[in-house]
Amino acid sequence: MVTWIRQFTPVYLAFVAAVGVGAGQTAAPPAVHTKVIASAPAADAVVRNRAPLRRNKFDLLPLGAITPAGWLRQQLEVQAAGLTGHIDEIWPDLGPDSGWLGGAGEAWERGPYFLDGLIPLAYELKDPALMTKASRWVEWTLTHQQPSGQIGPTKNDDWWPRMVMLKVLTQYQEATGDARVIPLMQRYFAFQAQEIDKHPLFEWSKYRWQDELVSVVWLYNRTGDPKLLDLARRLHSQGYDWRRQFEHFPFTAKQTRESLGLKTGSANPDIAMQSHGVNNAMALKASPVWGSISGQAADVEAVHEQIQILDRYHGLPNGMFSADEHFAGPDPSQGIELCAVVEAMFSYENIEAILGDADFGDRLERIAFNALPGTLTDDMWAHQYDQQPNQIKCTRTDRQWSTNGPESNLFGLEPNFGCCTANMHQGWPKLVETLWMATPDGGLATVVYAPNEVRTVVGKGIAVKLVEESDYPFEGHVRLTVEPQSTVRFPLRLRVPAWANGTKIRANGKNVVGRIEAGTFYTLDRDWHSGDHIDIDFPMLLRVTHWYHNSVVIERGPLVYALAPTPEWSKLKDRGPASDWEVRPSTPWNYALAIDEKHPERSIDVVQRSSKGAPFSMDGTRIALHLHGRRLPGWTVVEESAGPLPMSPVTSAEPEESLTLVPYGAAKLRITAFPFLSSP
Ligand SMILES: [Zn+2]
């Protein structure tokens, strides 16, 4: 069974045999490979919360269990050919002089951030060149632990970058079974437990403690050492109380340098850390993760209020809240940082496992399929620091950000600041890791839909492969084919998004029984035979939702659609494929839409295209929407952004024009939130 199910393992073994990583550990001759396999926690091994931790609704599958296919594989291949696969060759901060490779260079968060995305990308694509690249970095940390137990460069003793490196090590251990990882983490946590009262959490680590708790819980579930739970309690008691922040939420409007007391050259005041976008994206998981340890339902459930508050005061149509770089209100010309996008995704992935509500999967898809691709160039060589839902010019200029600098919405190598350059890599690969999760009753749950293949065990240890074929999120049909090693009964829980009223599910061609309710998981609990298949049809109906100043956003399935003025790209700094770019529109953007809100299909035509281009590019656009609108001459450019949205409904005497909307992720210039005309 083990050799059948762990088809990814021989890839790793062939790789280690070829490059000789972990000499003495893994570079063994073929005859002993089975021993290495047996010592690895297999892709079939689901590690669940150990008492006294609260049981999760779902449990994460180990890295390597899920292999991307179809458009998702294409997207990961674009990423591997882009910055993720090459950044160490062109960016000194991640070059051979990095402190995380023993050099004298950058020794803080950038090395671990990069690895946090490179490791899952390498092992999901089973790409030997990327594995070689990743292993060189991990090897340095594994072979340079200090006698005290401290890890990482000696240049600083900040807890924060080590919190990121722990996430890297847990993924690496899952993918490779490297036997050195768990003892290294045990020694590190013992060191931290000894030090932390003398040297408490400070600055970033004080606000990001919950990200370390994810790794502490990971290790506790593998060793059962109660000292780890003591450490978790101390991290929580030293860390910032996020739950309390959202019980008495003070940041109900856009922040400014003045309101936060920011001074160039001085450390961030606490109030700036508390209203900071990336801190808040990471903190989405704080209450649920802490609730796993405290056992208190109120801790776990506090996240609902936290999300509602962010929606209410700072919600944007791309699935994120605004923060550029601090909370910025609901105007769609405000921005959100790429680090916050990928960290919110990682938070929702963890929250979905802990709480198991379908809503978190909806939220994760909305960010992953809109905000993430919308802030990266098609080839993933350039990114923005801040993206705007209404983004009409990406130019170097001071604009209406809460506190960010003039380069923040350029596409480039390190616009504004280099954190996103290092941290962007985790977005797509971690989404792949969490497309499926295990259920406590021996079954499987679909959390996010996309083409892939999952291998795991179900029931009482029967190996199974499920193949998911789909063009979701562009289309609503999903086919799952079940291939168990032998006939086995297990529950399959299928997420039905909140927008998917009228979803149809057929098993081997026959409609399933029972009510299929949008916004919940539908459970199919039955005997599964090899070749059984399930067809899911999500109705991809057009939807009109309302946002800032009663503007409208057009949605279909999990995708948000945008008008894309024709972009003119001009190079600001030539650096080959990693150049910096400004983008200006050569066609108008200031339209109000003519829509029939009750029956959007009467005013909007859905046009399907067959394309093999990158999924979230103009060339690769699979779906376009055709509709009509009129220009609004009074809606003008203010500080190089779309000026204040006119309150809808509006009127216009301009002629009616035909307009085309494309997925948000493809439109690098765009209007997403539109005024609408009072009489269509
Ligand atoms: Zn960043």
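Criteria and cut-off values
Residues numbered from 1 in each chain as written. Predicted model: local features only at pLDDT ≥ 70, side-chain atom pairs only at ≥ 80, totals over all residues. Heavy atoms only, no water. Helix = DSSP H or I, 4+ residues; strand = E, 2+ residues; numbered from the N terminus. Rg over C-alpha atoms; globule rule 2.2 N^0.38 Å. Buried < 20%, exposed > 50% of the residue type's maximum accessible area, 1.4 Å probe, protein only. Contact = heavy atoms within 4.5 Å. Areas by Shrake-Rupley, 256 points an atom, 1.4 Å probe, with all protein chains shown as cover. Lys, Arg positive; Asp, Glu negative; His and termini not counted. Charge placed at Lys NZ, Arg CZ, Asp CG, Glu CD. Phe/Tyr/Trp six-rings, centres within 6.5 Å; stacked < 30°, edge-to-face > 60°. Donors = N, O, S within 2.8 Å, 3.2 Å for Na, K, Ca; no water. Tetrahedral: all angles 85-135°; square planar, octahedral: opposite > 155°, others 65-115°. Axes fitted to C-alpha atoms, helices over the stretch in contact; angles between N-to-C directions. Parallel < 35°, antiparallel > 145°, perpendicular 65-115°, else oblique. Left-handed = near helix turned anticlockwise from the far one by under 90°. Pairing = 2+ DSSP bridges. Domains from an automatic or database assignment. Buried area = accessible area lost by both parts, 1.4 Å probe. Salt bridge = Lys/Arg side-chain N within 4 Å of Asp/Glu carboxyl O. Polar contact = N/O pair within 3.5 Å; in protein donor to acceptor, adjacent residues only side chain to side chain. pLDDT = per-residue confidence, 0-100.

**Focus on the overall build of the protein chain**
The secondary structure content of the protein chain amounts to 23 helices and 25 strands. Computed over the C-alpha atoms, the radius of gyration of the protein chain is 24 Å, within 12% of the 26 Å expected from 2.2 N^0.38 for a compact globule of 680 residues. Its C-alpha atoms put the protein chain at 75 × 65 × 50 Å along the principal axes. With 680 residues in all, the protein chain has 63% of them scored as buried. The contacts of the protein chain with a sequence gap of at least 6 include a subset with a gap of at least 24, amounting to 72%. Accessible surface for the protein chain amounts to roughly 23500 Å². Of this, 51% is attributable to carbon and sulfur atoms. Computing the positive centroid from 64 side-chain charges and the negative centroid from 78, the protein chain places the two 4 Å apart.

**Notes on the packing of aromatic side chains**
Within this structure, the stated rule accounts for 32 aromatic pairs. Taking 6.3 Å as the distance between ring centres and 45 degrees as the angle between the ring planes, the aromatic pair formed by Y188 and F191 counts as tilted. Within this pair, Y188 and its partner F191 are both found in helix α9 (residues 181–195), separated by three residues, close to a single helical turn. Using a relative accessible area of 1% as the deciding quantity, one classes Y188 as buried. Note on W569 and W581: the rings are 6.1 Å apart at their centroids and 85 degrees apart in plane angle, and the pair reads as edge-to-face. In this pair, W569 is assigned in strand β18 (residues 567–573) and W581 in strand β19 (residues 580–585), connecting sequence segments twelve residues apart. Residue classification places W569 among the partly exposed positions, given a relative accessible area of 34%. Residue classification places W581 among the partly exposed positions, given a relative accessible area of 22%. Three or more aromatic residues link up through ring pairs in this structure, and these residues are W71, F369, W428, Y449, Y472, F474, W499, F538 and F616.

**A short note on the coordination of the zinc ion**
Put simply, a metal with four donors set out as a tetrahedron has ideal angles of 109.5 degrees, and one with six donors set out as an octahedron has ideal angles of 90 or 180 degrees. Taken together, E337 (OE), C339 (SG), C419 (SG) and C420 (SG) make up the full set of protein donors to the zinc ion, lying 2.0 to 2.3 Å away. Coordination at the zinc ion comes from four donor atoms whose angles at the metal span 96 to 123 degrees, giving a geometry best classed as tetrahedral. Mapped onto the sequence, the residues coordinating the zinc ion show the spacing E-x1-C-x79-C-C. With a gap of 81 residues between them, C339 in helix α19 (residues 338–355) and C420 in helix α21 (residues 419–423) connect regions that are remote in the sequence.

**Let's talk about the packing of helix α11 (residues 209–223) against helix α17 (residues 286–294)**
At a minimum axis distance of 9 Å, the contact between α11 and α17 shows a crossing angle of 40 degrees. Comparing the axis directions of α11 and α17 gives the class oblique. Where α11 crosses over α17, the two elements pack in a sense that is left-handed. Mapping the contact onto sequence places W209, Q210, L213, V214 and V217 in α11 and A286, V289, W290 and I293 in α17.

**Structural notes on the sheet that holds strand β11 (residues 504–507)**
Spatially, β2-β7-β8-β9-β14-β11-β12 is the arrangement adopted by the seven strands of the open sheet, whose pairing is antiparallel. Both edges of this open sheet fall to β2 (66–68) and β12 (510–511), since each of them pairs with a single strand only. Here β11 pairs with strand β14 (residues 532–537) via four bridges, running antiparallel. Within β14, the position partnered with R506 by the bridge is D535.

**A word on the sheet that holds strand β13 (residues 520–528)**
Reading across from one edge, β1-β5-β6-β10-β13 is the order of the five strands in this open sheet, with mixed pairing throughout. Two strands in the sheet have a free side with no partner beyond their single neighbour: β1 (59–60) and β13. In the packing of helix α20 (residues 358–374) onto the sheet, contacts are made with β10 (488–496) and β13, and the angle to β10 comes to roughly 60 degrees.

**Observations regarding the side chain of Q255**
By the element assignment, Q255 lies in the loop between α13 (242–247) and α14 (257–260). Sequence-distant contacts of Q255, that is, excluding residues within four places in its chain, are made with L260, S275, H326, F327 and S402.

**With respect to the pairing of β14**
Here strand β9 (residues 477–484) pairs with β14 via six bridges, running antiparallel. Note on β14: the bridge partner recorded for T481 is H533.

**What to know about the domain arrangement of the protein chain**
For the protein chain, the assigned domains read domain 1 (439–537) and domain 2 (543–666). Relative to domain 2, the C-alpha centre of domain 1 lies at a distance of 35 Å. Here domain 1 meets domain 2 over a buried area of about 740 Å², counting both sides, of which 68% is carbon and sulfur. It is P473, F474 and W499 in domain 1 that bury the most area against domain 2; as a group they hold 77% of the surface buried on that side.

**Observations concerning the pattern of salt bridges**
The final tally for this structure, using the stated rule, is 38 salt bridges. A salt bridge links E582 to R584; the shortest N-O distance between them is 3.0 Å. Classification of E582 as buried rests on a relative accessible area of 11%. Each of the salt bridges in this network shares a partner with another, and the network as a whole consists of D116, K167, D211, K285 and K430.

**Brief notes about unusual backbone geometry**
Here the residue pair D324 and E325 is connected by a cis peptide bond, since its omega of 10 degrees sits within 30 degrees of zero. Following the sequence through the fold, E325 ends up in the loop between α18 (297–314) and β3 (336–337). In this structure, P649 follows S648 across a cis peptide bond, with omega equal to 5 degrees. Looking at where P649 falls in the secondary structure, it is placed in the loop between β24 (641–642) and β25 (656–663). Phi angles above zero are rare outside glycine, and N508 is one such case at about 50 degrees. Mapped onto the elements of the fold, N508 is located in the loop between β11 and β12. One non-glycine residue, H549, lies in the positive phi region at around 55 degrees.

**What to know about the side chain of Q391**
Residue position: Q391 is located in the loop between β4 (386–387) and α21. Within the structure, Q391 has its side chain in polar contact with the backbone nitrogen of Q388 (distance 2.9 Å). Setting aside residues no more than four positions away along its own chain, Q391 makes contact with Q384, D386, F411, K668, L669 and R670.

**Observations concerning the confidence of the model for the protein chain**
The pLDDT averaged across the protein chain works out to 93; a share of 93% of its residues lies at or above 70. The low-confidence segment residues 1–43 (pLDDT under 50) makes 73 contacts with residues lying over four places distant or belonging to another chain.

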